[in-house]
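So you can see what is in the structure, the chains are spelled out below.
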Amino acid sequence: MTVAMSLVSEPVPLEDHVRWFEGVLANPRRHLLIGEAGGIRYGTVRFDEIDDTAEISITVNPEFRGQGIGGKLLNAAAQWAKEELHLGRIIAQIKQDNPASLAIFNKAGYEISAPGEVNSLVKYL
Ligand SMILES: CC(C)(COP(=O)(O)OP(=O)(O)OC[C@H]1O[C@@H](n2cnc3c(N)ncnc32)[C@H](O)[C@@H]1OP(=O)(O)O)[C@@H](O)C(=O)NCCC(=O)NCCS
């Protein structure tokens, strides 16, 4: 489901994922946050910075979805990005057939700036 909802809907071989993760760690404009409480890792948020904007991508561990964690993680990550990265806005790309994601972004105050099969969303901080 996570792969299906990402913009590239193909299974990712382990070695490709390892190479991708090494690239994340090496890129100073890419930030990977882990949502953790009581030793449990609930999900991740990634920011890719472009000037005063960053594109956000969020994933909650499938075991913990539908419990309000995605919404909380989204808000906590935006607060972190505002304080630490001094961003002016956050953008997101969300497939139209991803209602859970559209619901959490809508609730967190993101607006659709360009609708489509993949919606572009924006939130000014
Ligand atoms: C999107 C995602 C992060 C949401 O995480 P989550 O912890 O399940 O989210 P929450 O429990 O906080 O909220 C889910 C919301 O979606 C709503 N929802 C879930 N399925 C829905 C559906 N089929 N139709 C309409 N609303 C739906 C829930 O009612 C809830 O809204 P509410 O709080 O108003 O009731 C999670 O599903 C995920 O990791 N998906 C795969 C990766 C992904 O798609 N990322 C987004 C692209 S950046």
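Please refer to the structure higher up on the page.
Here the structure is a predicted model, which is why all the values come from computation and not from measurement.

**Q** Tell me about the overall build of the protein chain, and name the residues and values.
**A** Within the protein chain, the secondary structure is distributed over 4 helices and 6 strands. Secondary structure of the protein chain in N-to-C order comes out as α-α-β-β-β-α-β-α-β-β. Along the longest, intermediate and shortest principal axes, the C-alpha atoms of the protein chain span 35 × 30 × 30 Å. The buried share among the 125 residues of the protein chain stands at 19%. Within the protein chain, residue pairs in contact and separated by at least 24 positions form 49% of the contacts whose partners lie at least 6 positions apart.

**Q** How would you summarise helix H4 (residues 99-107) if you had to cite specific residues and measurements?
**A** Residues of H4 that are buried: Ser101, Ile104 and Phe105. The buried residues of H4 occupy an angular sector of 95 degrees when projected down its axis, which confines them to one face. With respect to the buried face of H4, the exposed residues turned more than 90 degrees away are Pro99, Ala103 and Lys107. Just downstream of H4, Gly109 is the residue with a positive phi angle, here 95 degrees.

Calculation rules
Residues numbered from 1 in each chain as written. Predicted model: local features only at pLDDT ≥ 70, side-chain atom pairs only at ≥ 80, totals over all residues. Helix = DSSP H or I, 4+ residues; strand = E, 2+ residues; numbered from the N terminus. Buried ≥ 20, exposed ≤ 12 C-beta atoms within 10 Å, placed from the backbone. Contact = placed C-beta atoms within 7 Å. Arc of directions from axis to C-beta.

Keep in mind that these numbers describe shape and distance, not what the molecule does.
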